[in-house]
Amino acid sequence: MKAIAITPGTPGTHLVELQEPDIRTANDVKVRVLSVGICGTDRQEVGGGRADAPEGAQELVIGHEMLGRVIGIGSSVTRVAVGDHAVFTVRRGCGACASCRMQRSDMCQTGKYRERGIKGLDGYQTGFVVDRDEYVVRVPCELASIAVLTEPLSIVEKAIDTAQRVQIARAPEAAVAADWLAGRRALVAGLGPVGLLAAMALALRGAEVYGLDVVDAGSARPRWLEAIGGRYIDGRTVPAARVADVVAPMDLVVEAAGIARLEFNLLDALALNGICVLTSIPGGDRPLQIPGAEIVRRLVLGNQLLLGSVNAARGHFEMAVRDLAHAALRWPGHVAQLIHHTPIAGAARALANTETGMIKDVIDWSDA
Ligand code: BGC
């Protein structure tokens, strides 16, 4: 079977020929890959950035946002049946820390976790994948056209769920509200696929959603946002630092832009007691000048929180599947507009493209 591989640390991709994996244990699930999304992490890897080959190997098969169809299961598998649509999670725990032993490798305490397609384990940009039952999440077949978004949405689900739990733990009025987000103002910064999915998840929870980007108001991303009830803020006229004054202070900020300076500027948009969750991993190592004392002063005097959130647990994948189902009912056909299918022959170009707009490029493996 074919697979898209990189040599970590070296720019570029190549197609490799690999042995098709087989079910070996009673817990194994074998999936025929249908499609695999491309995100900023893949593009960083392909550019020679953060990535590790499996131990003893020179190459890494990339891809971590997959959707497949189950074609075989071991005798103890309970979560899926042959014929089901399914996705595999990304992270595999270190096996040593309490988080990983409790199936929460997304909160690994040793840092010795591995991630399929990113860190020490081959990924999903290939024809067939075998992994264990505990890492598979079933997807209803009605969601087949959009379920490749489950993994990026799982990242957002973890970020929002964590922020919500933290607020409920510390704010007296949040603890007694049925849903902390309902009626709250939430700002999403960066309206790429992850930002738009965040806006969608927030809208489904009843938040008053704002989206910040630097594109024309009439262009595709603001229009997609507005169709789900969000309000667009053009960062060229209202920069992050002015949002609180010009629009309103935000109870929650979800950052999905991958620009380090903006990540700090977003703190200015926060309301008192607000929380800002960072989900993107900015590339580059250019030093940044920030008004450190002012930022700390504001955080302390405002009871504000700056929170980093990475990866997602099974439960977040399940939340993502539920949200995709709700979104499909509420805004029929709208979510699919985020996806652009590319044949394997176009993969290198799609992976090299850094001007991605709102579109989630997805490599089609269905007739590989
Ligand atoms: C992936 C996460 C992963 C993170 C860090 C993201 O692009 O979606 O699953 O944990 O990169 O490697």
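Predicted model, so just to flag it, every value in this text is computed and none were measured.

### Focus on the packing of aromatic side chains
Two aromatic rings are characterised by how far apart their centres lie and by the angle between their planes.
Piece 1. If you walk through the whole model with that rule in mind, you get one aromatic pair.
Piece 2. Ring geometry for F88 versus Y124: centroids 6.3 Å apart, planes at 25°, classification stacked. Here the residue F88 occupies a position in strand 6 (residues 85-88), and Y124 occupies one in the loop between strand 9 (120-121) and strand 10 (128-132), the gap between them amounting to 36 residues.
Piece 3. Note on F88: relative accessible area 1%, which makes it buried.
Piece 4. By relative accessible area, which is 0% here, Y124 ends up buried.
Piece 5. A cation over an aromatic ring shows up here: K119 above the ring of Y113, its NZ or CZ 4.5 Å from the ring centre.

### Some details on helix 6 (residues 220-227)
Piece 1. Residues of helix 6 that are buried: R221, P222, W224 and L225. Buried residues along helix 6 cover an arc of 160° about the axis, so they all sit on one side.
Piece 2. Where helix 6 is buried, its residues contact helix 5 (193-204), strand 13 (208-213) and strand 14 (231-234).
Piece 3. Immediately beyond the C-terminal end of helix 6, within one or two residues, lies G229, with a positive phi of roughly 95°.

### Considerations on the sheet that holds strand 1 (residues 2-6)
Strand pairing in a sheet relies on backbone hydrogen bonds. The paired strands run either parallel or antiparallel.
Piece 1. The strand order 2-1-4 describes an open sheet built from three strands, whose pairing is antiparallel. The open sheet has two free edges, formed respectively by strand 2 (14-17) and strand 4 (60-61), since each of these has just one partner strand.
Piece 2. Pairing of strand 1 with strand 2, which is carried by four bridges, proceeds in the antiparallel orientation. When the sheet's bridge partners are listed, A3 is paired in strand 2 with V16.

### Digging into the pattern of salt bridges
Pairs may arise between side chains of opposite charge once their charged atoms sit close together.
Piece 1. Within the structure shown, the criterion is met by 26 salt bridges.
Piece 2. As a salt-bridge pair, R242 and D245 come within 3.8 Å of each other at their nearest N and O atoms. In this pair, R242 and D245 are both assigned in helix 7 (residues 240-246), three residues apart and thus about one turn of the helix distant.
Piece 3. Residue classification places R242 among the partly exposed positions, given a relative accessible area of 41%.
Piece 4. When salt bridges with common partners are traced through the structure, they connect E20, D22 and K30 into a single cluster.

What counts and how
Residues numbered from 1 in each chain as written. Predicted model: local features only at pLDDT ≥ 70, side-chain atom pairs only at ≥ 80, totals over all residues. Heavy atoms only, no water. Phe/Tyr/Trp six-rings, centres within 6.5 Å; stacked < 30°, edge-to-face > 60°. Helix = DSSP H or I, 4+ residues; strand = E, 2+ residues; numbered from the N terminus. Buried < 20%, exposed > 50% of the residue type's maximum accessible area, 1.4 Å probe, protein only. Lys NZ or Arg CZ within 6 Å of the ring centre and 35° of its normal. Arc of directions from axis to C-beta. Contact = heavy atoms within 4.5 Å. Pairing = 2+ DSSP bridges. Salt bridge = Lys/Arg side-chain N within 4 Å of Asp/Glu carboxyl O.

Honestly, that's just the spatial picture; any functional story needs more than this.
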